[in-house]
Amino acid sequence: MTNLVSGMRPTGKLHLGHYLGVLRNWIDLQNSQKYNCFFFIADWHSLTTKYEDTSELKNNILEITRDFLASGLNPEKSTIYIQSAIPEIAELHLLLSMITPNNWAERDPTLKDLVKAAAGGDEAKEANISLTYGMLGYPILQTADILTFKGALVPVGKDQEAHLEMSREIARRFNYIFDCEFFAEPKPLFTDTPLVHGIDGRKMSKSWNNDIKISATEEETMVQVKKMITDTQRIKRSDPGDVERCLVPFPYYKVFANEEIIAQVKQECETASRGCIDCKKQLAEIINLYFKPIRERRANFSDEQIKDILKNGNQKARLVAQNTLKELKNIMKLY
Ligand code: SF4
């Protein structure tokens, strides 16, 4: 079976943007039983832009794992592990950095994204961000994440395709230098992600407080949904709306509601027989219904259970990683 590798940074409890953009795809891929899935928590990656304050990191790892498990990732079907628990990834990162030309790292599009992330979305700040060695090495670490597990497929959105190119080039270069076909060039596996925004119409982000957490209570979800931006040209309740102009709620209906409800919302919105307040109330109820079982499962995982699951996942991942490094060192004629 083909190995598939993907990771997520532990930034805290996950929101619906993470769920729809990444997690739901992971679960589908896992359940398709077509791939040998390796899903990891990228705690080293989170240090590239947030190294000064690590006080929340351990707790964030538990919370993200709780979201993974409650949403349907299954440790019996997928290998779920913490990046920093696998020292072979760091070792491979070092070995690959020896063969990677500096200008490859400098031109990698990931670097621009990291600078943006470090500036917290503040464009004025971007110019003053000083690059760290860790930022420059990020795409090589990302390559090590994949190649340690001989990942042949990496699930990405269409816009992320360029980020994988460097991993392919490094794999190719290694094979060329050492005259072997040890690494498969990892290929992107394009996944569909619905375009949904944060409640204010921007990208959903915890730092902008425009998110809805998977773990939110029904009341918290209702509060956030009620703040969603709708069709800004619909001023009065009696004005007909346009679902295509409805920036936030309607795209959520398209994700979470059935065809019949979607058609009803469209018809009632466009004839002004439905107001935005009632429409958002119904949407919050639909979202709450969808996440009810996930939230219930989430509440049932103790910290100890999660730590045990991660410990087992780390052990399972490490065996694979040790094997890869053993073979690789053999090829490189290293001790
Ligand atoms: S009625 Fe619903 S779909 Fe129409 S603009 Fe308002 S929130 Fe959007």
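This section reports on the structure supplied with the text. (Residues numbered from 1 in each chain as written. Predicted model: local features only at pLDDT ≥ 70, side-chain atom pairs only at ≥ 80, totals over all residues.)

1. Details of the environment of aspartate 179
Checked against the element boundaries, aspartate 179 lands in the loop between α10 (161-177) and β5 (187-190). For aspartate 179, a count of 8 C-beta atoms within 10 Å translates into the label exposed. Note: C-alpha distance between aspartate 179 and glycine 157 (22 residues apart in sequence) is 32 Å. (Helix = DSSP H or I, 4+ residues; strand = E, 2+ residues; numbered from the N terminus. Buried ≥ 20, exposed ≤ 12 C-beta atoms within 10 Å, placed from the backbone.)

2. Some points on the site of the ligand
Taken together, 14 residues surround the ligand, and among them Gly241, Cys246, Cys269, Cys276 and Cys279 come closest. At the level of elements, α12 (249-256), α13 (259-270) and α14 (276-300) are the ones that each hand at least two residues to the shell around the ligand. Broken down by element, the residue count for the shell around the ligand peaks at three residues, all from α14. (Near = placed C-beta within 6 Å.)

3. Describing α12
Helical periodicity: at 3.6 residues per turn, an α-helix aligns residues three or four positions apart in one direction. Where α12 is concerned, the buried positions are Pro249, Phe250, Tyr252, Tyr253 and Phe256. Looking down the long axis of α12, one finds its buried residues gathered within 155 degrees of arc, a one-sided arrangement. Elements that come into contact with the buried residues of α12 comprise α13 and α14. (Arc of directions from axis to C-beta. Contact = placed C-beta atoms within 7 Å.)

4. Thoughts on the environment of threonine 143
Here threonine 143 is to be found in helix α9 (residues 138-147). A residue is classified by how many C-beta atoms lie within 10 Å of it, and threonine 143, with 27 of them, is buried. Note: C-alpha distance between threonine 143 and isoleucine 89 (54 residues apart in sequence) is 9.3 Å.

5. A few points about the pairing of strand β3 (residues 79-82)
If a strand is regular, its side chains alternate between the two faces of the sheet. Of the two faces of β3, the one carrying Thr79 and Tyr81 and the one carrying Ile80 and Ile82 are both buried. Here strand β2 (residues 35-41) pairs with β3 via four bridges, running parallel. Within β3, the position partnered with isoleucine 41 by the bridge is isoleucine 82. (Pairing = 2+ DSSP bridges.)

6. Considerations on the pairing of β2
The buried fraction of β2 amounts to five of the seven residues, a majority that puts the element mostly inside the structure. Two strands pair when backbone bridges link them, and strand β1 (residues 2-8) and β2 are joined in this way by seven bridges, in the parallel orientation. By the bridge assignment, glycine 7 is partnered in β2 with phenylalanine 40.

7. Description of α10
Counted at 1.5 Å a residue, the expected span for α10 with its 17 residues is 24 Å, and the 25 Å between its end C-alpha atoms agrees. Taken together, the buried positions of α10 are occupied by Leu164, Met166, Ser167, Ile170, Ala171 and Phe174. Projected down its long axis, α10 shows its buried positions confined to an angular sector of 145 degrees, all on one face. Exposed residues pointing more than 90 degrees away from the buried face of α10 are listed as Ala162, Arg172 and Tyr176. Where α10 ends, the next residue or the one after it, aspartate 179, has phi of about 45 degrees, a positive value. (Expected span 1.5 Å × (residues − 1).)

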